[in-house]
Amino acid sequence: GAGVSQSPRYKVAKRGQDVALRCDPISGHVSLFWYQQALGQGPEFLTYFQNEAQLDKSGLPSDRFFAERPEGSVSTLKIQRTQQEDSAVYLCASSLSGGPYTGELFFGEGSRLTVL
Amino acid sequence: TQLLEQSPQFLSIQEGENLTVYCNSSSVFSSLQWYRQEPGEGPVLLVTVVTGGEVKKLKRLTFQFGDARKDSSLHITAAQPGDTGLYLCAGGGGSQGNLIFGKGTKLSVKP
């Protein structure tokens, strides 16, 4: 497809399990962003890649969160030892622009994580 | 920590009414974007404003960036049920260096 694709769309995990969320950005987009959106809230910044380089990871809430984009295309957000407070929708966005805020962000539909 | 405060948090109106939603901050931004998000989907960009005092129109939607680039407003004329959704403002180029979002205004337009 032509848009940003995220998988899985829904994930239920038991507390303590590890999860991996995948993002396929729009082909050719330089920048890739991960946001966390809690119910009824706006998206909160987690991390930002420019090609394969992770330029900003200041929003990652703890060292249980890890993101990578090894070939500058597909990205994976990994959460280790999930906790109930990790329950949220995880949004991936890509942008043609190389800057952290200068271009239009194209969002995927999100991965909804529920931790029991 | 920079904050973008949006008001009102919820708005329920009848079809045909006009409305204005606000996005305010104590910080200066280089640019401000407005997105609309529907349930189960990601946000979709409506507009980007970059110049203080700038006004942009998109059909029935009018966006304004404050002179000091700290605030913005979105005005919708003759709202329609299709305008229903979560309206998010996002500021870029502030001290945090990335795009930060407000909590949004949830708009419901009833036929």
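Worth saying up front: this structure is predicted, and the values here are computed from it rather than measured.

Draft legend 1. Examining the sheet that holds strand S3 (residues 19-24) of chain A more closely. All names here are of chain A. Here four strands make up an open sheet; going across it, the order is S1-S3-S8-S7 and the pairing antiparallel. What marks the edges here is a single partner per strand, and that holds for strand S1 (5-7) and strand S7 (65-68). Sheet twist, expressed as the mean angle between neighbouring strand axes with direction ignored, is 15°.

Draft legend 2. Molecular detail of the environment of Phe101 of chain B. Note that Phe101 of chain B resides in strand S10 (residues 100-101). Residue classification places Phe101 of chain B among the buried positions, given a relative accessible area of 10%. Distance in space between the C-alpha atoms of Phe101 of chain B and Glu5 of chain B is 9.0 Å, their sequence separation being 96 residues. Setting aside residues no more than four positions away along its own chain, Phe101 of chain B makes contact with Tyr35, Pro43 and Phe107 of chain A together with Leu4, Tyr35, Leu88, Cys89 and Ala90 of chain B.

Draft legend 3. Spatial organisation of the pairing of S7 of chain A. All names here are of chain A. Across the two faces of S7 the burial differs, with Phe65 and Ala67 buried and Phe66 and Glu68 not buried at all. Judged from the four bridges that link them, S7 and strand S8 (residues 75-79) form a sheet pairing that is antiparallel. Within the sheet, the bridge partner assigned to Phe66 lies in S8 and is Lys78. Between S7 and S8, which pair antiparallel and follow one another directly, the connecting turn spans six residues, one of which, Gly72, has a positive phi of 75°.

Draft legend 4. Local environment of the pattern of salt bridges. Residues and elements named next belong to chain A. All told, the structure shown has seven salt bridges over all chains when counted by the stated rule. With a shortest N-O distance of 3.0 Å, Arg9 and Glu109 are connected by a salt bridge. With Arg9 in the loop between S1 and strand S2 (10-13) and Glu109 in the loop between strand S10 (106-107) and strand S11 (111-115), this residue pair connects regions lying 100 residues apart in the sequence. Of the residues examined, Arg9 reaches a relative accessible area of 28% and is grouped as partly exposed.

Draft legend 5. View of the nonpolar core. With 21 residues, the main nonpolar core has Leu4, Leu19, Leu32, Trp34, Leu74, Ile76 and Leu107 of chain B as its most contacted residues. Looking at this core, the elements that each hand over two or more residues are strand S3 (19-24), strand S4 (31-37), strand S5 (44-49), strand S7 (61-65), strand S8 (71-76), strand S9 (85-92) and strand S11 (105-110) of chain B. Not counting residues up to four positions away in its chain, the partners in contact with Leu32 of chain B are Leu4, Cys23, Val47, Thr48, Val49, Phe65, Ser72, Cys89, Ala90 and Gly91 of chain B. Of all hydrophobic cores here, the second largest spans 20 residues; its members include Leu32, Phe49, Ala67 and Ile79 of chain A.

Draft legend 6. Representation of the interface of chain B and chain A in the model. On the side of chain A, 19 residues touch chain B, which itself brings 21 residues to the contact. Summed over the three residues of chain B that lose the most area to chain A, namely Asn98, Leu99 and Phe101 of chain B, the buried surface amounts to 29% of that side. Summed over the shared surface of chain B and chain A, the result is zero salt bridges. Linking chain B to chain A there are six residue pairs in polar contact (both at pLDDT 80 or more). Here the residues of the side of chain B that touches chain A sort into seven nonpolar, 12 polar and two charged.

Draft legend 7. A look at the sheet that holds strand S6 (residues 55-58) of chain B. All names here are of chain B. Spatially, the five strands line up as an open sheet ordered S1-S3-S8-S7-S6, and their pairing is antiparallel. The outermost strands of the open sheet, each flanked by one partner alone, are strand S1 (5-7) and S6. Averaged over all adjacent pairs, the angle separating strand axes in this sheet is 15°, with direction ignored.

What counts, and where the lines are drawn
- For every chain, the first residue of the written sequence is number 1, and numbering continues from 1 along that sequence.
- Chain letters and ligand numbers both follow the written order, the letters beginning at A and the numbers at 1.
- Under the rules for a predicted model, residues below a pLDDT of 70 receive no local features and side-chain atom pairs below 80 are neither given nor counted, while totals for whole chains, interfaces and linings still include all residues.
- Side-chain figures throughout are based on the complete set of non-hydrogen atoms in the structure, without hydrogens or water.
- Pairing between strands is defined by DSSP: at least two bridges between the two strands are required.
- Numbered from the N terminus, helices here are DSSP runs of H or I no shorter than four residues, and strands are runs of E no shorter than two.
- Note on method: axes are straight lines fitted to C-alpha atoms, helices fitted across the in-contact stretch only, with angles between N-to-C directions ranging 0 to 180 degrees.
- Each residue's exposure class comes from its accessible area (1.4 Å probe, protein chains only) as a fraction of the maximum for that residue type: buried when under 20%, exposed when over 50%, partly exposed otherwise.
- Any pair of residues with heavy atoms lying within 4.5 Å of one another is described as a contacting pair.
- Every case where a carboxyl oxygen of Asp or Glu lies within 4 Å of a side-chain nitrogen of Lys or Arg is listed as a salt bridge.
- What is meant by a nonpolar core is a set of buried Ala, Val, Leu, Ile, Met, Phe, Trp, Tyr and Cys residues, joined one to another through side-chain atoms within 4.5 Å.
- A 1.4 Å probe defines the accessible area here, and the buried area is the portion of it lost by two parts on being joined, summed over both.
- Nitrogen and oxygen atoms within 3.5 Å of one another constitute a polar contact, given that in protein one can donate a hydrogen and the other can accept it, and given that sequence-neighbouring residues count only through two side-chain atoms.
- Note that Gly is not counted as nonpolar here; it falls among the polar residues with everything else outside the nonpolar set of Ala, Val, Leu, Ile, Met, Phe, Trp, Tyr, Cys and Pro and the charged set of Asp, Glu, Lys and Arg.

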